[in-house]
Amino acid sequence: QVQLVESGGGLVQEGGSLSLSCAASGSIFRINDGAWYRQAPGKQRELVADITIGGSTNYADSVKGRFTISRDNAKNTVDLQMNSLKSEDTAVYYCKLRVATFRDYAMDYWGKGTLVTVSS
C-alpha cells in the first residue's frame, strides 16, 4: 500500500510564492513518473506539470516560466515551486505518482489535494 501526503498549500497574495510537496510512503520500490494537477472551482482537473523518472519535465502553458517541478528519489518526494502566483492559479492542487512497489507493478496513486488561494 502506498500513501501520498501533500503539503505546502495556503493563502498568498498575487506575485507571491508557494512550494508544494508530495511525499510517498509505503513499500515503495521506485517512483516512476510524477505530476501535479489542479482543479479550480467549476472547472475540470488539469495537468500543471509532470516529471519523468529521468527528470524530463513538462508544463502547462499557463505556468511555464513560473512553476518548477522537481523530485528527490531518495526521499520519495515530488515538489512544485510556484512563483509569481496569479489569482487564476487558485485551485486545489493534487499530486499523482506512478509508483512501483515490491509487490505490484507500477500504478498511479493520487493525493487528497491541497488548497492554494491567491488573493488579488
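Rules behind the numbers
Residues numbered from 1 in each chain as written. Predicted model: local features only at pLDDT ≥ 70, side-chain atom pairs only at ≥ 80, totals over all residues. Heavy atoms only, no water. Helix = DSSP H or I, 4+ residues; strand = E, 2+ residues; numbered from the N terminus. Buried < 20%, exposed > 50% of the residue type's maximum accessible area, 1.4 Å probe, protein only.

Peer 1: Would you take a moment to explain unusual backbone geometry for this structure?
Peer 2: Where the residue is not glycine, phi is negative for most of them; where a peptide bond is considered, it is trans in most cases. One non-glycine residue, Asn76, lies in the positive phi region at around 55°. You can see Asn76 is positioned in the loop between β7 (67-72) and β8 (77-82). In this structure, Ser84 takes a positive phi of about 50° despite not being glycine. Here Ser84 is to be found in the loop between β8 and β9 (91-101). In this structure Ser84 comes out as partly exposed when scored by relative accessible area, which is 43%.

Peer 1: What am I meant to see in the environment of Gly55 here?
Peer 2: The residue Gly55 is located in the loop between β5 (46-51) and β6 (57-59) in this model. Along the primary structure Gly55 and Gln3 are separated by 52 residues, whereas in three dimensions their C-alpha atoms are 22 Å apart.

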